[in-house]
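An overview of the molecular structure
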Amino acid sequence: MRFAFLSDIHGNATALEAVIHDIRQKEVDKIFILGDICFRGPEPKRALDLVRSLDATVIKGNADEWLVNGISKGDVPKQTLSMMNEERDWTLQRLTEEDLNYLSSLPTELVIEDGLDIIIHAFHATPDDLLTVVNSDETKKLENQIMQRDEADLFVYGHTHMPFIRSLLGKNVANTGSVGMPFDGHPLASYLMVEIEEGRHRLQINRVPYNREHVVELYKQGSYPNIQAMGQVIFYAIKQ
C-alpha cells in the first residue's frame, strides 16, 4: 500500500495541483489531508474544491476552525490578530455557506489500520487540540503529546510547516510539512509518502516545485491584505 499525507495547503491551489500531479505519477492508493485547507492563500475556494474532488480522507486544522468560528485572543500573537482577521474576512468573502459547513463537519483525527500490518494515528497538531506546536527536537513533547495512542506504530501530523521523520520508542513520528507555505527555508511544496509492505513501512518527505511567481501575482490581483508578508513566505519559506 502506498499512502500520501498532505497538510497545510492554505489556499495555495497552484502548489496543491503540483502535489496532486506528483502523487498521481507515484500511483498512490490513498490520500489523507490533515487540515488547514483554505485560509491565508490567494485561492481559498479553488483549493477547497480541489480537495473535495479527490477521493481523500480529510480532517480539520486550526485554520479551518478559525474560518468557521473566528480567531480567539491568545490563538495568535496580539500584534498579528487584527491583520489575520482582515485576512479571514477576505477569505470568507470567497467561500460559501456550504463550504463552511463542510469545514465545520470535518473530524479532528483518524486511525488507519484496516487490512494493514501497522496502525497509523494522524491528526493536525496533536490528538487533543488543533493549536499546540510540537517541534522535531522536543522529544518529551513528542512522546507525551504526539505519541498518545499506545497501539499505533506511526504518528503523522502537520501544523508546524516543518517536515521531519524521527524514530522514538521503537515507533516513527513524521510531520508532513506544508503544501502551500513551508516554513523550513525550502520553498517547494512538501508532503509525506508512506509505503507499507509485509509488515515493513518506508517514509519519505517529497518536495515538489510549483510556480511561486504566479501565486504571488494572484495575491496581488486579489488585493489580498498582508501581500508583502505572504510573498516572503511563498518565496523564502520563512514564517511571518
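Cut-offs applied
- Residues numbered from 1 in each chain as written.
- Predicted model: local features only at pLDDT ≥ 70, side-chain atom pairs only at ≥ 80, totals over all residues.
- Heavy atoms only, no water.
- UniProt positions renumbered as here; feature names shortened; annotations may be inferred.
- Helix = DSSP H or I, 4+ residues; strand = E, 2+ residues; numbered from the N terminus.
- Buried < 20%, exposed > 50% of the residue type's maximum accessible area, 1.4 Å probe, protein only.
- Contact = heavy atoms within 4.5 Å.
- Areas by Shrake-Rupley, 256 points an atom, 1.4 Å probe, with all protein chains shown as cover.
- Lys, Arg positive; Asp, Glu negative; His and termini not counted.
- Charge placed at Lys NZ, Arg CZ, Asp CG, Glu CD.
- Phe/Tyr/Trp six-rings, centres within 6.5 Å; stacked < 30°, edge-to-face > 60°.
- Pairing = 2+ DSSP bridges.

Identification of the chain as Phosphoesterase from Alkalihalobacillus trypoxylicola is taken from an unreviewed UniProt entry. We quote the UniProt Cofactor (unreviewed entry) comment for the chain here in full: "a divalent metal cation". Per its UniProt entry, the chain bears the Sequence similarities (unreviewed entry) comment "Belongs to the metallophosphoesterase superfamily. YfcE family."

**Concerning the overall build of the chain**
Per the secondary structure count, the chain includes eight helices and 10 strands. Buried residues in the chain amount to 55% of all 240 residues. When contacts within the chain are restricted to residue pairs at least 6 apart in sequence, those whose partners lie at least 24 apart make up 66%. Of the roughly 10,700 Å² of accessible surface on the chain, 45% is carried by carbon and sulfur atoms. Separation between the mean location of the 24 positive side-chain charges and that of the 36 negative ones in the chain comes to 4 Å.

**Overview of helix α3 (residues 62-69)**
Within the sequence span of α3, burial applies to N62, A63, D64, W66 and L67. The secondary structure elements touched by the buried residues of α3 are α4 (78-92) and α5 (97-105). Among the residues trailing α3, G70 stands out with phi positive, at a value near 90°.

**Notes on the environment of I37**
Locating I37 in the fold gives a position in the loop between β2 (30-33) and α2 (44-53). Exposure remark for I37: the relative accessible area of 0% places this residue in the buried category. Along the sequence, I37 and D49 sit 12 residues apart, while their C-alpha atoms lie 9.9 Å from each other. Sequence-distant contacts of I37, that is, excluding residues within four places in its chain, are made with I9, H10, G11, A47, L48, V51, V58, D64, L103 and L106.

**Quick look at the packing of aromatic side chains**
Overall, the coordinates contain eight aromatic pairs when judged by the stated rule. Ring centres of F39 and W66 lie 6.4 Å apart, and the angle between their planes is 90°; this geometry places the pair in the edge-to-face category. A residue pair is termed long-range when its members are at least 10 positions apart, and F39 in the loop between β2 and α2 and W66 in helix α3 qualify at 27 residues. The exposure class assigned to W66 is buried, which follows from its relative accessible area of 9%. Ring geometry for F235 and Y236: centres 6.3 Å apart, planes at 50°, overall tilted. A network of ring pairs unites the aromatic residues F3, F5 and F32 as a single cluster.

**A look at the pairing of strand β8 (residues 171-175)**
Burial runs high along β8: five of the five residues are buried. Side chains of β8 alternate between two faces, with K171, V173 and N175 and N172 and A174 buried alike. Where strand β6 (residues 154-157) meets β8, four bridges bridge the pair, whose relative direction is parallel. Paired with L154 across the two strands is N172, which belongs to β8. Judged from the five bridges that link them, strand β7 (residues 164-168) and β8 form a sheet pairing that is antiparallel. Each residue of the ladder has a partner; that of R166, found in β8, is V173.

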